[in-house]
Amino acid sequence: MTGLGLASAALGGIAAPGTAGAADTPIGEKWWPSRWGPDDQAGASNHMTPEKTLAAVQQIRTGKVHSLGRVYERDMPLFGERVFALRTPGMPTGGTFGDNKIIWNDEFLATEIGQVGTQFDGLGHIGVEAGAPGEQTRRRLYNGVTMAEAASPYGLKKLGVENVKPFFTPGLLVDVMGLKGGMLEAGTEVTLADLLAALERQGLSAEAIAPGDVVMVRTGWGLLWKEDNARYNNGAPGIGMEAARYLAERQVSLVGADTWGVEVVPNPDSNQVFPVHQELLVRHGIYLQENLDFESLAADGTWQFAYVFAPLPIKGATGSPGNPLAVT
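Residues numbered from 1 in each chain as written. Predicted model: local features only at pLDDT ≥ 70, side-chain atom pairs only at ≥ 80, totals over all residues. Heavy atoms only, no water.

Peer 1: Just to check I follow, could you spell out the pattern of salt bridges for this structure?
Peer 2: Close approach of charged atoms lets side chains of opposite charge pair. Tallied over the entire structure, the rule returns 13 salt bridges. In this structure, Asp-300 and Lys-64 form a salt bridge, with 2.7 Å as the shortest nitrogen-oxygen distance. Separated by 236 residues along the polypeptide, Asp-300 in helix H9 (residues 295-300) and Lys-64 in the loop between helix H2 (50-57) and strand S1 (65-67) bring together distant segments of the chain. A residue is classified by how much of its surface remains accessible, and Asp-300, at 37% relative accessible area, is partly exposed. The salt bridge partner of Glu-185 is Arg-231, with a shortest N-O separation of 3.0 Å. Remark: Arg-231 occurs in helix H6 (residues 229-233) and Glu-185 occurs in the loop between helix H4 (176-180) and strand S10 (189-190); sequence separation between them is 46 residues. On the basis of relative accessibility, which here comes to 41%, the residue Glu-185 falls in the partly exposed class. (Salt bridge = Lys/Arg side-chain N within 4 Å of Asp/Glu carboxyl O. Helix = DSSP H or I, 4+ residues; strand = E, 2+ residues; numbered from the N terminus. Buried < 20%, exposed > 50% of the residue type's maximum accessible area, 1.4 Å probe, protein only.)

Peer 1: What's the story with the nonpolar core in this structure? I'm lost.
Peer 2: The nonpolar side chains of a soluble globular protein tend to be buried, and buried together. With 63 residues, the main nonpolar core has Met-216, Ile-239, Val-255 and Leu-280 as its most contacted residues. When residues of this core are traced back to their parent elements, those giving at least two are strand S9 (167-175), helix H5 (192-201), strand S11 (214-218), helix H7 (241-249), strand S13 (254-257), helix H8 (275-284), strand S14 (287-290) and strand S15 (304-309). Considering every element that reaches this core, the biggest residue donor is H7, with six residues. Residues Phe-84, Leu-224, Tyr-232 and Ala-236 belong to the second largest nonpolar core, which totals 13 residues. (Core = buried A, V, L, I, M, F, W, Y, C linked by side-chain atoms within 4.5 Å.)

Peer 1: Is there a simple way to think about H8 in this case?
Peer 2: An α-helical turn contains 3.6 residues, so any two residues separated by three or four positions project in the same direction. Of all 10 residues in H8, nine are buried, a share of seventy percent or more. For H8, the complete set of buried residues consists of Pro-275, Val-276, His-277, Gln-278, Glu-279, Leu-280, Leu-281, Val-282 and Arg-283. One or two residues past the end of H8 sits Gly-285, with phi positive at roughly 70°.

On their own, these measurements won't tell you what the molecule is for.
This is how it looks when you write it as structure tokens:
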């Protein structure tokens, strides 16, 4: 069975990792209310302040803008059975009108808008079943929000991506591929020791990571994008729980990677399925950004930058597409 198949088969009945001695939920002790209060829906984007903007500006030296996003197209790797279908309704869609004979073209897009291609995972994307199977009042999301409170056939009633504050903050690329001398293999966990060693190789220390910063992890897996989609989709290297908990302690606002899951897939513990998603999104309100392209940054040897990204404010959405920028 492929890595995706294993994940799909396990999602129904495998408990996520817990905190030692804590049994409030399958992922440990109760994590709500959040540090930003019981009504918060913005999570770690609350770190976005004028001070963080000014700190990000200090990272700009050359004025060069690097696009970290991928092109959205039908041939890109897609997780599971997700789809991306664009149609142009008529060519032209409208016209001809007026003496100037204007015409125009529109598009119709059918897709999981926030969960294909370069994607930003919102706080309503991931949760945990903390009660009896199907018990909506015990299915918990960020800040303890229940599925009973959030669920709607017309989008999330709480934790929709429209609540996320725009990002303009210092960013840091951790080049684990450079540390290891090549692309990491699927199922390879990026440990805390790997992160710290990569930073040291780049002339940086853990102190370079401040609350509200964005941390990106380069594994080299992105080199398979549209070159070998089957391999790209069948597992991935990525951070494990040790690194995730460390980044949460550093109070980062977002973690990104050149993979489709940010975390290691399959997990080294075969009983766990996407536990890093739960640790960061659910427990700490830290956002994830997947399927990024770091090759231009790596080619320049530029590790620190101003990260700029504004999620599309789609009310009730679980995530957002978009083209994040690194300004160096």
